[in-house]
Amino acid sequence: MLSRAQEIWLRLGERFEPAVARLLARRAELAVAAALTAIFVIAGGLSPRVATLGLMAAAVLAAWWPNDSGTGGARALAQTATDGDRLWRMVIDAVPEPAVALNSHGQIVHANPQAEEQFRARRGGHLASMSRAPELLAAVEDALQLRRACAVELQARVPVERRLLATVVPLEHAGAAPGTPTLMITFRDLTEQDRLARMRADFVANASHELRTPLASLKGYVETLQGSAKDDAAARERFLKIMSEQAERMSRLVDDLLSLSRVEMREYLPLSEEADLGSVLTEVAQTLEPLARRAGVTLTLSRSDEEAVVRGDRDELMQVFQNLVQNAIKYGRSGGKVEMRLTREAAASGRPERYRVDVTDDGPGIAPQHLPRLTERFYRVNVAASREKGGTGLGLAIVKHILNRHRGELAITSKLGHGSTFSVLLPSAPDQVVHS
Ligand SMILES: Nc1ncnc2c1ncn2[C@@H]1O[C@H](COP(=O)(O)OP(=O)(O)OP(=O)(O)O)[C@@H](O)[C@H]1O
Ligand SMILES: [Mg+2]
């Protein structure tokens with residue numbers, strides 16, 4: 001932070017900069033005037049007090065009187081200086097990342113709004129007030145000495161832990177006016193890039209692990225069938241059944257991976273069609289009725305006869321509700337109930353009218369610490385239980401991407417021992433007719 005006195009000094013500097021430039025441009029005339037005045041004083045023709053007053057008046061006039069005599073005049077010079085000043089400040093402000101300009105003493109001459117906000121960089125402050133990292137100070141020295149850009153990685157801990165790339169660029173400006181910067185530093189936040197790289201690596205590791213497990217099991221059974229169980233008809237029958245289940249699991253995983261990559265690619269494609277949520281839910285209920293019956297679960301749908309039109313891709317919306325209802329059947333109470341309910345929410349402050357679909361089960365529920373992570377790829381509350389039920393941990397990740405494309409939301413509420421509700425919220429497409 002600048003002290004009050006420093007601030008006043010800087011403001012004065014800004015205010016009087018053009019006047020000083022004009023004064024400097026007329027220094028030759030002023031020197032001649034001073035010499036002539038001195039001769040008059042020495043010759044006794046002028047009192048020293050009057051001479052001093054006269055010289056001061058001439059200086060004030062030279063500083064403030066506009067000079068229109070051609071391009072070489074003081075006014076033009078001052079004008080050029082302030083225009084140039086404004087221009088490089090504008091360029092630094094336009095840099096999308098935090099950027100500061102420094103003078104040769106390491107003082108901040110200008111900071112763009114991002115640097116002010118993220119590093120509390122203030123004009124007049126020293127670079128050390130932004131970062132005390134010795135690597136950064138060394139990069140500044142190198143850039144000044146070698147006259148070339150130097151990049152250095154920094155680890156910032158406040159306000160949150162992040163990795164930054166600082167690039168120090170010397171600014172070439174032979175004969176530039178005082179106050180112009182000698183260096184520019186830009187800061188790029190690498191945290192998001194690191195997070196994405198980690199996610200990609202985790203994803204590949206998880207996918208390989210998920211495929212390797214059934215593959216290892218298949219290999220084991222093949223070897224057993226070729227060896228010890230070669231002539232055991234009963235064992236062969238049992239092993240072939242397990243092998244078929246494992247192959248089924250692998251193919252489900254590959255299908256889910258392909259589906260995830262497809263919805264990710266389509267996430268930013270605009271939606272040109274409309275779908276009626278009521279009819280989508282009716283079809284989902286009909287499709288999953290046999291699955292629910294096999295699990296001893298009662299599946300119900302509650303909706304009005306009114307159309308509930310949203311802008312959306314019918315197949316993708318089917319995928320969303322199938323995933324949610326399958327989860328409710330899989331992880332709900334055996335012999336329990338699963339309800340789908342479609343309602344309309346009126347428009348509210350700045351938000352358009354939307355439809356809400358609640359998928360509720362009366363199963364064991366989900367502990368609160370898991371809720372924010374459920375839509376991560378491969379995240380499962382209980383990996384063994386999910387695998388046993390044929391889960392791959394990709395269903396809710398697919399749901400999230402589809403809802404992003406539809407500008408929708410997924411809200412999850414759950415109470416341990418009482419069940420869970422997965423709610424999908426989608427903006428309505430008013431005054432539109434579904435052409436199916
Ligand atoms: N209704 C629910 N009740 C309790 N837990 C749930 C419910 N829905 C999801 N979960 C938990 O969230 C996890 C992630 O669900 P998700 O649909 O992404 O994966 P999955 O069902 O395991 O596999 P997939 O859907 O790919 O077959 C599940 O493994 C389960 O632990
Ligand atoms: Mg699922």
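Before reading further, recall that the structure is shown in the block above.
These remarks concern the structure in this document.

Analysis parameters
- Residues numbered from 1 in each chain as written.
- Chains lettered and ligands numbered in written order.
- Predicted model: local features only at pLDDT ≥ 70, side-chain atom pairs only at ≥ 80, totals over all residues.
- Heavy atoms only, no water.
- Phe/Tyr/Trp six-rings, centres within 6.5 Å; stacked < 30°, edge-to-face > 60°.
- Helix = DSSP H or I, 4+ residues; strand = E, 2+ residues; numbered from the N terminus.
- Buried < 20%, exposed > 50% of the residue type's maximum accessible area, 1.4 Å probe, protein only.
- Lys NZ or Arg CZ within 6 Å of the ring centre and 35° of its normal.
- Salt bridge = Lys/Arg side-chain N within 4 Å of Asp/Glu carboxyl O.
- Near = heavy atom within 4 Å.
- Polar contact = N/O pair within 3.5 Å; in protein donor to acceptor, adjacent residues only side chain to side chain.
- Areas by Shrake-Rupley, 256 points an atom, 1.4 Å probe, with all protein chains shown as cover.
- Nonpolar A, V, L, I, M, F, W, Y, C, P; charged D, E, K, R; others polar.
- Pairing = 2+ DSSP bridges.
- Axes fitted to C-alpha atoms, helices over the stretch in contact; angles between N-to-C directions.
- Expected span 1.5 Å × (residues − 1).
- Arc of directions from axis to C-beta.
- Contact = heavy atoms within 4.5 Å.
- Patch = residues over 30% accessible without salt bridge, like charges linked within 9 Å, V, L, I, M, F, W, Y side chains within 5 Å.

### Comments concerning the packing of aromatic side chains
Inspection of every chain in the model, using the stated rule, returns three aromatic pairs. On the numbers, 4.5 Å between centres and 35° between planes, the contact of phenylalanine 119 with phenylalanine 187 is tilted. With phenylalanine 119 in helix H5 (residues 113–119) and phenylalanine 187 in strand S5 (residues 183–189), this pair connects stretches of sequence that are 68 residues apart. Overall, phenylalanine 119 belongs to the buried group, its relative accessible area being 11%. When the ring of tyrosine 221 is compared with that of phenylalanine 239, the centres are 5.0 Å apart and the planes differ by 45°; the resulting orientation is tilted. Placement of tyrosine 221 in helix H7 (residues 191–226) and of phenylalanine 239 in helix H8 (residues 233–266) is noted, with a sequence separation of 18 residues between them. For phenylalanine 239, a relative accessible area of 12% puts it in the buried group. Lying over the aromatic face of phenylalanine 119, arginine 162 brings its terminal NZ or CZ to 5.4 Å of the ring centre. The ring centre of phenylalanine 203 lies 4.4 Å from the NZ or CZ of arginine 377, which sits over that ring.

### With respect to the pattern of salt bridges
Between side chains of opposite charge, pairing is possible as soon as their charged atoms come close. Within the structure shown, the criterion is met by 26 salt bridges. Among the salt bridges present, the one from aspartate 189 reaches arginine 162, with a minimum N-O distance of 3.9 Å. One end of the pair, aspartate 189, is in strand S5; the other, arginine 162, is in strand S4 (residues 162–170), and 27 residues separate them in sequence. Residue aspartate 189 is classed as partly exposed on the basis of its relative accessible area of 37%. Arginine 195 serves as the salt-bridge partner of glutamate 192, at 2.9 Å between the closest nitrogen and oxygen. Placement of the pair is glutamate 192 and arginine 195 together in helix H7, with a separation of three residues, close to one helical turn.

### Some points on the site of ligand 1
The full set close to ligand 1 counts 20 residues, and Asn327, Tyr331, Ser386, Thr392 and Leu396 are the nearest of them. At a separation of 2.8 Å, an oxygen atom of ligand 1 approaches a polar backbone atom of glycine 393. Here ligand 1, which alone exposes 600 Å², has 94% of that area covered by the protein. Elements supplying a minimum of two residues to the shell around ligand 1: helix H10 (314–331), helix H12 (395–405) and strand S12 (419–427). For the shell around ligand 1, the element with the highest residue contribution is H10, accounting for four residues. Partitioned by chemical class, the residues of the shell around ligand 1 number nine nonpolar, seven polar and four charged.

### Some remarks on the sheet that holds strand S10 (residues 354–361)
The strand order across the open sheet formed by five strands is S7-S9-S10-S12-S11, and the pairing between neighbours is mixed. Sheet topology places strand S7 (298–302) and strand S11 (409–415) at the edges, where each strand pairs with a single neighbour. The average undirected angle you get between the axes of adjacent strands in this sheet is 15°. Strand direction decides the pairing type here: S10 and S12, joined by seven bridges, are antiparallel. Paired with valine 359 across the two strands is phenylalanine 422, which belongs to S12.

### Here's the deal with helix H6 (residues 134–146)
The first and last C-alpha atoms of H6 sit 18 Å apart over 13 residues, in line with the 18 Å expected at 1.5 Å per residue. Those residues of H6 that fall on the buried side of the exposure criterion are Leu136, Ala139, Val140 and Ala143. Around the axis of H6, the buried residues are gathered within 105° of arc, so they sit on the same side. Set apart from the buried face of H6 by more than 90 degrees, the exposed residues are Pro134, Glu141 and Gln145. Buried residues in H6 make contact with strand S3 (150–156), S4 and S5. Where H6 terminates, the next one or two residues include arginine 147, which has phi positive at roughly 55°.

### Examining a nonpolar patch on the surface
Nonpolar side chains collect at one region of the surface, where Val32, Leu36, Ile39, Phe40, Leu46 and Val50 lie side by side and expose about 560 Å² of accessible area between them. Ranked by residues supplied to the nonpolar patch, first place goes to helix H2 (residues 27–42) with four residues. Position of phenylalanine 40 among the secondary structure elements: in helix H2.

### Quick look at the sheet that holds S3
Strands sit in the order S2-S1-S5-S4-S3 across an open sheet of five strands; the sheet is antiparallel. Each edge of the sheet is formed by a strand with only one pairing partner; in this case those strands are strand S2 (108–111) and S3. Taking each pair of neighbouring strands and ignoring which way they run, the sheet shows an average axis angle of 25°. With seven bridges joining them, S4 and S5 adopt antiparallel strand pairing. In the sheet register, proline 170 faces S5, and the bridge partner there is leucine 183. The strands touched by H6 within the sheet are S3, S4 and S5, with S3 carrying the most contacts at an inclination of about 170°.

The values are spatial; any link to function lies outside them.
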